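An overview of the molecular structure
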Amino acid sequence: MKPLALITGASRGIGRAIATELGRTHRVLVGGRDRAAVAEVVAALPDAAPFLADLTDEGAVATACAGIERLDVLVHSAGVIGHLGPVADAPASAWREAMEVNVIAPATLTRLLLPALRTARGLVVFINSGAGLHASPDWSVYGASKFALTALADALRAEEARQVRVTTVHPGRTATAMQAALRAAEGRPYQPERYLAPEDVARTVRLAVDLPPGASLESLRIAPAPR
Ligand code: NAP
């Protein structure tokens, strides 16, 4: 039987590329809220099923997780940019949204699936960001949520050291719908040829997945090469 991978945010962008990459070797659960987009990704993979849930709805997530007793790979790719701008203008609602989707949702999904991950001696991958390593003006909300995600990953790695491996990937700008919206918000042109491709990030996840069980890829920063 093929190993099982669950990828959140797999209806498009980086998550979709990871689902496609892992689909070559794994049975894939395709996470997302957009039913039609998730169905399209499922149909394009050799062995896949939908994992439909709003990740901020704990009840819906628990229902979607029911029956998963063994999980080899869990990739957290779902995320939002949320508010861009100075702290002076960031309302509490923007902080709450970013923390809900980027931090509390992956923490909750991980907690629900830890028994299945332990059973498989599995791997958890967090798609973080360069913004989770360096704070910049106007990026407080997103950056703080990604710094928190680093803390979540590091604590989890230490707690589960004997049973579950934990990898954080910090991509730079990647050519996706999120990046297009971001560039529009910044009032700057979207130039996908200058960014990482989602498939580049997927290949870093493949590196972590393919390591032998005695080795753990803890953290990896991937950036567009100068061109
Ligand atoms: P994207 O194209 O906007 O895709 C975001 C994904 O997250 C979609 O599949 C969306 O699913 C899902 N999602 C969002 N909120 C959700 C919720 N409440 N419940 C369930 N699913 C939800 O983004 P991306 O560019 O692929 O980014 C993926 C990850 O990489 C994010 O964590 C992002 O922070 C990180 N990242 C991106 C870049 C970049 O330049 N693009 C750079 C560094 C890091 P539905 O639409 O189906 O709801």
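For the structure given in this document, a descriptive report is provided here. On a predicted model such as this, the values are computed, not experimentally measured, just so you know. (Residues numbered from 1 in each chain as written. Predicted model: local features only at pLDDT ≥ 70, side-chain atom pairs only at ≥ 80, totals over all residues. Heavy atoms only, no water.)

Concerning the side chain of Thr8
Counted only if it meets this: Secondary structure counts use DSSP, requiring at least four H or I residues in a row for a helix and at least two E residues in a row for a strand, with both numbered from the N terminus. Burial here depends on accessible area, computed with a 1.4 Å probe over protein chains only, as a share of the maximum for the residue type. Under 20% is buried, over 50% is exposed, and the range in between is partly exposed. Polar contact criterion, stated in full: a pair of N or O atoms within 3.5 Å, where within protein one must be able to donate a hydrogen and the other to accept it, and residues adjacent in sequence count only if both atoms are side-chain atoms. Contacts are assigned to residue pairs that have any heavy atoms within 4.5 Å of one another.
Tracing the backbone through its elements, the reader meets Thr8 in the loop between β1 (4-7) and α1 (13-22). For Thr8, a relative accessible area of 3% gives the class buried. From its side chain, Thr8 meets the backbone nitrogen of Ser77 in a polar contact 2.9 Å long. Discounting residues that sit within four places of it in the chain, Thr8 has contacts with Gly15, Gly31, Leu55, Val75, His76, Ser77, Ala78 and Leu109.

Comments concerning unusual backbone geometry
Of note, the phi angle at Arg121 is positive, near 50°, even though the residue is not glycine. Assignment of secondary structure puts Arg121 in the loop between α4 (92-120) and β5 (123-127). Of note in the backbone geometry, Asp138 takes a positive phi value of approximately 75° without being a glycine. One can find Asp138 in the loop between β5 and α5 (140-159). When its relative accessible area of 39% is taken as the criterion, Asp138 is described as partly exposed.

Remarks on empty space enclosed by the protein
Counted only if it meets this: With a 1 Å grid laid over protein atoms only, a set of points is called a cavity when a 1.4 Å probe fits there but cannot get out and a pocket when it is open yet has protein on both sides within 12 Å along at least five of seven lines; lining residues have an atom within 4 Å of a point. Grid points are joined across faces, edges and corners, and a volume is the space filled by probe spheres set on the points.
Within this structure, the stated rule accounts for one cavity of 30 Å³ or more. Reported here for the largest cavity is a volume of approximately 50 Å³. What lines the largest cavity is Thr8, Leu55, His76, Ser77, Ala78, Val101, Ala105 and Pro106. With three residues, the top contributor of residues to the lining of the largest cavity is α4.

Description of the layout of surface pockets
One water molecule sets the probe size; rolling that probe over the atoms shows where empty space is left. What counts, and what does not: Residues are grouped as follows: Ala, Val, Leu, Ile, Met, Phe, Trp, Tyr, Cys and Pro are nonpolar; Asp, Glu, Lys and Arg are charged; every other residue, Gly included, is polar.
The calculated volume of the largest pocket comes to roughly 1,000 Å³. Around the largest pocket, the lining comprises 43 residues; the ones closest to its centre are Ser77, Ala78, Gly79, Val80 and Met178. Where the lining of the largest pocket is concerned, the elements lending two or more residues are α1, β2 (27-32), α4, α5 and α6 (177-186). By residue number, the principal contributor to the lining of the largest pocket is α6, which donates four residues. Of the residues in the lining of the largest pocket, the class split is 16 nonpolar, 19 polar and eight charged. There is about 190 Å³ of room inside the second largest pocket.

What to know about the sheet that holds β2
Strand pairing in a sheet relies on backbone hydrogen bonds, with the paired strands running either antiparallel or parallel. Here is the rule: Pairing between two strands is assigned when DSSP locates at least 2 bridges connecting them. Helix axes are fitted only over the stretch in contact, all axes being lines through C-alpha atoms; the angle between N-to-C directions runs from 0 to 180 degrees.
An order of β3-β2-β1-β4-β5-β6-β7 is seen for the seven strands of this open sheet, with the pairing classed as parallel. With one partner strand each, in any of the chains shown, β3 (48-52) and β7 (219-222) form the two edges of the open sheet. Each strand of the sheet is rotated relative to its neighbour by a mean of 15°, with strand direction disregarded. Direction of pairing for strand β4 (residues 73-76) relative to β5: parallel, over a ladder of four bridges.

Some remarks on the site of the ligand
For the record, the criterion: Proximity is defined per residue: if any heavy atom of the residue lies within 4 Å of a molecule or strand, that residue is considered near it. Here the open area of atoms and residues is found with the Shrake-Rupley method and a 1.4 Å probe, where only the protein chains shown may cover a residue. What decides whether a molecule sits in a cavity or pocket is whether more than half of its atoms lie within 2 Å of the grid points.
Residues in contact with the ligand amount to 29 residues; listed here are only the nearest, Arg12, Arg33, Tyr142, Thr176 and Gln179. The contact in question runs from an oxygen atom of the ligand to an N or O atom on the backbone of Asp34, over 2.9 Å. Expressed as a share of its isolated accessible area of 890 Å², the protein-covered part of the ligand is 95%. If you map the ligand onto the pockets, it falls in the largest pocket. Counting residues per element, the ones that place at least two in the shell around the ligand are α1, α5 and α6. Counting residues per element, the shell around the ligand draws most heavily on α6, at three residues. A breakdown of the residues in the shell around the ligand according to their chemical character gives eleven nonpolar, twelve polar and six charged.

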